[in-house]
Amino acid sequence: MNHDHGMEGMAPTSQSTNATSGMMHHHKMMHMTFFWGNNAEILFSRWPGRHGAGMYALALMFIFVLAFLVEWLSHCRLIKPGSSDNVSAGVKQTVLYAIRAGLAYLVMLAVMSFNGGVFLIAVAGHTLGFLLFGSRVFEKKTQVPFDGKTFDLPPMSC
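Residues numbered from 1 in each chain as written. Predicted model: local features only at pLDDT ≥ 70, side-chain atom pairs only at ≥ 80, totals over all residues. Heavy atoms only, no water.

A. Examining the nonpolar core more closely. The biggest cluster of nonpolar side chains holds 22 residues, and the ones touching the most others in it are Ile42, Ile63 and Val118. Secondary structure elements with two or more residues in this core: strand E3 (40-44), helix H1 (53-75), helix H2 (86-111) and helix H3 (116-133). Those residues in contact with Ile42 that sit more than four places away from it in its chain are Trp47, Pro48, Tyr56, Ala59, Ile63, Ala110, Ser113 and Val118. (Core = buried A, V, L, I, M, F, W, Y, C linked by side-chain atoms within 4.5 Å. Buried < 20%, exposed > 50% of the residue type's maximum accessible area, 1.4 Å probe, protein only. Helix = DSSP H or I, 4+ residues; strand = E, 2+ residues; numbered from the N terminus. Contact = heavy atoms within 4.5 Å.)

B. Layout of H2. Look at H2: 37 Å from first C-alpha to last across 26 residues, which is about the 38 Å you get at 1.5 Å a residue. Looking only at H2, the buried set comprises Ala89, Leu96, Arg100, Leu103, Ala104, Val107 and Ala110. Buried residues in H2 make contact with E3, H1 and H3. (Expected span 1.5 Å × (residues − 1).)

C. The arrangement of the pairing of E3 in detail. Note that E3 and strand E4 (residues 47-49) share three bridges and pair antiparallel. Note that in E4 the partner of Glu41 across the bridge is Pro48. Hairpin connection from E3 to E4: two residues lie between these consecutive antiparallel strands, with Arg46 at a positive phi of about 60°. (Pairing = 2+ DSSP bridges.)

D. Main features of the packing of H2 against H3. Interhelical geometry of H2 versus H3 gives an angle of 150° and a closest axis separation of 9 Å. Taken as axis vectors, H2 and H3 run roughly antiparallel relative to one another. The interaxial crossing formed by H2 with H3 has left-handed handedness. Of the residues in H3, those touching H2 at Val107, Ala110 and Val111 are Val118, Phe119, Ala122 and His126. Per-class residue counts for the contact of H2 with H3 are six nonpolar, one polar and no charged. (Axes fitted to C-alpha atoms, helices over the stretch in contact; angles between N-to-C directions. Parallel < 35°, antiparallel > 145°, perpendicular 65-115°, else oblique. Left-handed = near helix turned anticlockwise from the far one by under 90°. Nonpolar A, V, L, I, M, F, W, Y, C, P; charged D, E, K, R; others polar.)

E. Structural detail: the packing of aromatic side chains. Inspection of the entire model under this criterion finds four aromatic pairs. When the centroid spacing of 5.3 Å and the interplanar angle of 65° are considered together, the rings of Phe68 and Phe133 count as edge-to-face. One end of the pair, Phe68, is in helix H1; the other, Phe133, is in helix H3, with 65 residues separating them in the sequence. Feature note: the residues Phe34, Phe114 and Phe119 constitute an aromatic cluster, connected by ring pairs. (Phe/Tyr/Trp six-rings, centres within 6.5 Å; stacked < 30°, edge-to-face > 60°.)

F. Local environment of the side chain of Glu71. Note on placement: Glu71 falls in helix H1. Although Glu71 is buried, it makes no salt bridge; Arg100 carries the closest opposite charge, 8.0 Å away. Side-chain polar atoms of Glu71 contact the side chain of His126, separated by 3.0 Å. Once you skip the residues sitting within four places of it in the chain, Glu71 turns out to touch His126, Gly129, Phe130 and Phe133. (Lys, Arg positive; Asp, Glu negative; His and termini not counted. Salt bridge = Lys/Arg side-chain N within 4 Å of Asp/Glu carboxyl O. Polar contact = N/O pair within 3.5 Å; in protein donor to acceptor, adjacent residues only side chain to side chain.)

G. Summary view of the confidence of the model for the protein chain. Counting all residues, the mean pLDDT for the protein chain is 79, and 70% of those residues have values of 70 or more. Least confident of the elements in the protein chain is strand E1 (residues 15-17), whose mean pLDDT is 49; most confident is H3, at 95. (pLDDT = per-residue confidence, 0-100.)

H. Looking closely at a nonpolar patch on the surface. Residues Phe34, Trp36, Phe119, Leu120 and Val123 make up a contiguous nonpolar surface patch of about 540 Å² in total accessible area. Tracing the backbone through its elements, the reader meets Val123 in helix H3. (Patch = residues over 30% accessible without salt bridge, like charges linked within 9 Å, V, L, I, M, F, W, Y side chains within 5 Å. Areas by Shrake-Rupley, 256 points an atom, 1.4 Å probe, with all protein chains shown as cover.)

Structure (structure tokens):
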């Protein structure tokens, strides 16, 4: 059954007119499948956009650093164990958690641009961060802290 009602072959329009004010509105079509190329918008309107390969490379480095920082925050030990001030330690831990969650959401939103390069660089940032901070590759033989925790923040859960 055809539900196109005579609209076969019609491409979606990128402009529409508001009937009450007569103003033109421009609508951009968002990619819903992965695509390749440096003409992409990542996180912000027109960034890097059509500014060339240099801005695209800068955007990729930014996403890589964000993903890397998410892994670092997930596996670091910034709060000294044995602190007698649980309130202060709890506030610090909560602030670190909020920063990590915010950075992780920025990486997720960047990947939602559906640009293949952004996806690969985000995975690479998470991978290198985990290799350096979460894996056993660079682990020194250490004693387990008396509180049994090895990191300030709980692992990320999807």
